[in-house]
Amino acid sequence: MKNKYLRNFYKYRFLLSEIVRKNVRLQYRDSVLGMFWTFLQPLLTTIVLVLVFGRVFGKSSDGVVNYPIYLLCGRLLYEFYSQSTKRAMHSITGSASVIKKVYVPKYIYPLSNIISTFVTFMISLTVLVAMMAYFMLFTDTPLHLSPYILLALVPVFILLLLCIGVGLILSVLSVFFKDIEYLYDVFTLLLFYMTPIFYKLNQLHLDKVTVGGFPIVEYMLMANPLYSIVSMFRSCVLYSVMWNWHWFFYSLGFSLVTIIIGVWAFYKKQDKFILYL
Amino acid sequence: MPSNKPKTAIAVKNVSMMFNLNNEKIDNIKEYFIKLVTRKLHFSEFWALNDISFTVHKGERLGVLGLNGAGKSTLLKVICGVMKPTRGSITVSGVIAPLLELGAGFDSNYSGKENVFLYGATMGYSRKFMQSKYDDILAFSEIKDFIDVPVKNYSSGMKARLGFAIATAVEPDILILDEVLSVGDAKFRIKSEAKIKNMFDKGITVIFVSHNTDQVRRICNKAILLEKGKIVAQGTADEVCDIYDTITNKK
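Report on the accompanying structure. (Residues numbered from 1 in each chain as written. Chains lettered and ligands numbered in written order. Predicted model: local features only at pLDDT ≥ 70, side-chain atom pairs only at ≥ 80, totals over all residues. Heavy atoms only, no water.)

### Quick word on the overall build of chain B
When you go through chain B residue by residue, the secondary structure sums to eight helices and nine strands. Looking at chain B residue by residue over its 251 residues, the buried ones come to 48%. In chain B, the proportion of contacts linking residues at least 24 apart, taken out of those at least 6 apart, comes to 71%. Summing over all exposed atoms, chain B offers an accessible surface of approximately 12400 Å²; the carbon and sulfur share of this is 51%. (Helix = DSSP H or I, 4+ residues; strand = E, 2+ residues; numbered from the N terminus. Buried < 20%, exposed > 50% of the residue type's maximum accessible area, 1.4 Å probe, protein only. Contact = heavy atoms within 4.5 Å. Areas by Shrake-Rupley, 256 points an atom, 1.4 Å probe, with all protein chains shown as cover.)

### Observations regarding the sheet that holds strand β3 (residues 61-66) of chain B
Residues and elements named next belong to chain B. Strand order across the open sheet formed by six strands is β5-β6-β7-β3-β8-β9, with mixed pairing between neighbours. Edge positions in the open sheet fall to β5 (96-98) and β9 (230-236), since each of these has one partner strand only. Mean inter-strand twist for the sheet, computed between neighbouring axes without regard to direction, equals 15 degrees. One ladder, built from six bridges, connects strand β8 (residues 222-227) with β9; its direction is antiparallel. (Pairing = 2+ DSSP bridges. Axes fitted to C-alpha atoms, helices over the stretch in contact; angles between N-to-C directions.)

### A look at the environment of P225 of chain A
Residues and elements named next belong to chain A. By secondary structure assignment, the location of P225 is in helix α11 (residues 225-239). Take P225: its relative accessible area is 10%, and that puts it in the buried class. Spatially, the C-alpha atom of P225 lies 9.8 Å from that of I158, the residues being 67 residues apart in sequence. Those residues in contact with P225 that lie beyond four places of it in its chain are L162, Y250, S251 and F254.

### Digging into the packing of aromatic side chains
The description of two aromatic rings rests on the distance between their centres and on the angle between their planes. Applying the stated criterion across every chain, the model contains 36 aromatic pairs over all chains. Relative to Y267 of chain A, the ring of Y5 of chain A has its centre 6.1 Å away and its plane inclined at 85 degrees; by these criteria the two rings are edge-to-face. With Y5 of chain A in helix α1 (residues 2-11) and Y267 of chain A in helix α12 (residues 245-269), the pair connects residues that are 262 residues apart, well separated along the chain. Pairing Y250 of chain A with F254 of chain A gives two aromatic rings, centres 5.9 Å apart and planes at 55 degrees, and the pair type is tilted. Of this pair, Y250 of chain A and F254 of chain A are both found in helix α12, four residues apart, which corresponds to roughly one turn of the helix. A relative accessible area of 32% means that Y250 of chain A is categorised as partly exposed. We note R234 of chain A situated over the ring of Y70 of chain A; from NZ or CZ to the ring centre the distance is 3.6 Å. The positively charged end of R61 of chain B is found above the aromatic ring belonging to F200 of chain B, 4.1 Å away from the centroid. (Phe/Tyr/Trp six-rings, centres within 6.5 Å; stacked < 30°, edge-to-face > 60°. Lys NZ or Arg CZ within 6 Å of the ring centre and 35° of its normal.)

Listed below in structure tokens is the structure:
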């Protein structure tokens, strides 16, 4: 039984790699600067965010160490999450012309879209390396390289799992309810502000907002798996310390549960796609 | 493999396909819940295919005839594996290459060359394999000068030619032709028919859907006639085409 699925995946592995290749190649094809935008886009948006929020949230006394790097870490991860899940969401409806005519394992479409976004995300990480090198060479911010930086791949991997799970769920939902595409746009905007990207959670002093002695708002923000993932990433890159293991277990568990739900929903509903496309 | 008994390429056993026809299309959550709460979710059953059974042996060319709405496209979709039948089973041995209508498997921003590999991968073929077929595809499609141009700038005839060239170059075991031969100019029609005839010699199995009985007589050796989801006639291409012609002339 399990073998059947693996064999099928093995047969269509070329489709997976072709779509990944296509998405990466086409992303910036018609732009003048081309692939260079992979670096330029996060760099420029980070500069904008530093200019807008730097005064309020960028005080080093609050423990952000280096605000541009702090911001870039959060933004890169958030951007990967929102881009990949959005692409996955549109992937089934966008490939309707093929799905209606040829048999292909349909999960290839959300999966390949997430992987292709992951490839551009990994390339865009070089901007982080470049910026860190700049600050270390030309300024005296207390940044230093440590073996922990290698561990940064762990939160990245957990994020990839989360995106696959969420992407599968969204791709199923978007076939049956087109509305989800608009709703999800609003949701990702909310998520941008709910995730400590340009602020640090303790800067908001949310522990003072309590309901029955319980800091409910702060707990809600901490329940966001992106909070754990971004925090782990910053521990490795920015602070050079081991992450809080609560973050690790929570985000990994959350991602695995999402994947299980996503696979289950996809498997249950994939034969019905054709009737709605 | 020497064997006197012809091998089965496609076995369709008691296949039925049922669709729920909603009285209105519901595709947003609000409408769905309103309908659910007010209990107005009515479905009426529609059997597009009703207990269809037939077998196609290896090397046979089966024509599928029928008026509009007889269930031909549904049958093809079930055979391709795009749809799962409500009842019954389909066994297919060998690689199926469906011809997508006017390059539906193409990405319009991708060049012709890149699309060759994408289209190949959609059918489960590797880059390496497509590379070995690339020259044939280029020669047959006659778009050598435009192969690096994005497909969005192609004419529909160019797309059809490229799509046909790819689907036939990979030498599938089973080729599914859904009225594709009616597109393109006369020159391309003749050329593509010749190509298909050429593939017969290699023992390819063909399923051909058309309203054109002349084409069916020329290409196929067996045929089935569908009416309202049931097989009403089955036999050699000539016999079934005669029946079909009398039906269409009557109406």
